Amino acid sequence: EAGVAQSPRYKIIEKRQSVAFWCNPISGHATLYWYQQILGQGPKLLIQFQNNGVVDDSQLPKDRFSAERLKGVDSTLKIQPAKLEDSAVYLCASSLTGGSTDTQYFGPGTRLTVL
Amino acid sequence: QKEVEQNSGPLSVPEGAIASLNCTYSDRGSQSFFWYRQYSGKSPELIMSIYSNGDKEDGRFTAQLNKASQYVSLLIRDSQPSDSATYLCAVNKDPGGTSYGKLTFGQGTILTVHP
């Protein structure tokens, strides 16, 4: 079974530029998550989708971050404009149902550096 | 007070010893508890989950949960150099009214097992 796929793996941009990340979850997984992991910290949930609807986006900086999950499968996360403090690893995860006991499977992540 | 707090590291143990990793959480409504392992430059991978008070054993790993004390721990017996990684405690609380949980991670504890 293929795991969670993400691209690109690395991205370097200047501040105020825009960037987009792509995620393809495990086939059949209804729930998709985007996390931000700053160096030395645990992952922080940015947004959670159940199929193509948003369940939780309370920690998403909506003035600059946006995400969508069209057709309930792939998802993109966009930052526009980027700030220096957005430098982090962006992790996508998926789970079968999104229930509280469900295992979340993580993709390899995208390492973003904002200069 | 942080929602999920782990004992500050790094933790260094000799090969063959028991490594003890601790985690406390603030929300008494928390339902599910997870331990993830994250190797440097890699994404988190689930090693243990626990939902009920008491101990849960899986090979060299034992998770312990005490909901009254809001405390969860992970013991690694016969530690190996390959166990050297960051260990992340994650807590999932049922927000109530839905079946979707929200995973909150601690900051992680770096474990080094030296030969």
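Only a predicted model underlies this, so the values are computations on that prediction, with no experimental measurement involved.

Enquirer: Where do I start with the overall build of chain A in this structure?
Expert: Within chain A, the regular secondary structure consists of zero helices and eleven strands. Scanning chain A from its N terminus toward the C terminus, one meets helices and strands in the order β-β-β-β-β-β-β-β-β-β-β. By the compact-globule yardstick of 13 Å for 115 residues, chain A fits well, its C-alpha radius of gyration being 13 Å. Expressed as a percentage of contacts within chain A between residues at least 6 apart in sequence, the contacts between residues at least 24 apart total 54%. Summed over its atoms, the accessible surface of chain A is roughly 5500 Å², and 50% of this surface lies on carbon and sulfur atoms. Across chain A, 12 positive and 10 negative side-chain charges occur, with their mean positions spaced 6 Å apart.

Enquirer: Which parts of the structure should I look at to understand the pairing of strand 9 (residues 85-93) of chain B?
Expert: Side-chain positions along a regular strand alternate between the two faces of the sheet. Residue and element names in this part refer to chain B. Counting buried residues in strand 9 gives seven out of nine residues, a clear majority hidden from the surface. Taken together, the three bridges between strand 9 and strand 11 (residues 109-114) define a ladder with antiparallel strand orientation. The residue bridging A85 from the neighbouring strand is L111, located in strand 11. Strand direction decides the pairing type here: strand 9 and strand 10 (residues 102-105), joined by four bridges, are antiparallel. Bridge pairing in strand 10 places K93 opposite K102.

Enquirer: What's the story with the environment of B:S43 in this structure? I'm lost.
Expert: Along the chain, the position of B:S43 falls in the loop between strand 4 (30-38) and strand 5 (45-50). A C-alpha to C-alpha distance of 25 Å links B:S43 and B:P115, two positions 72 residues apart in sequence. Every residue in contact with B:S43, bar those within four places of it in the chain, is listed here: A:L91, A:F106, A:G107, A:P108, B:R37 and B:Q38. Looking at B:S43, its side chain comes within polar contact range of the main-chain oxygen of A:G107, at 3.1 Å.

So, how was this worked out
- Residues numbered from 1 in each chain as written.
- Chains lettered and ligands numbered in written order.
- Predicted model: local features only at pLDDT ≥ 70, side-chain atom pairs only at ≥ 80, totals over all residues.
- Heavy atoms only, no water.
- Helix = DSSP H or I, 4+ residues; strand = E, 2+ residues; numbered from the N terminus.
- Rg over C-alpha atoms; globule rule 2.2 N^0.38 Å.
- Contact = heavy atoms within 4.5 Å.
- Areas by Shrake-Rupley, 256 points an atom, 1.4 Å probe, with all protein chains shown as cover.
- Lys, Arg positive; Asp, Glu negative; His and termini not counted.
- Charge placed at Lys NZ, Arg CZ, Asp CG, Glu CD.
- Buried < 20%, exposed > 50% of the residue type's maximum accessible area, 1.4 Å probe, protein only.
- Pairing = 2+ DSSP bridges.
- Polar contact = N/O pair within 3.5 Å; in protein donor to acceptor, adjacent residues only side chain to side chain.

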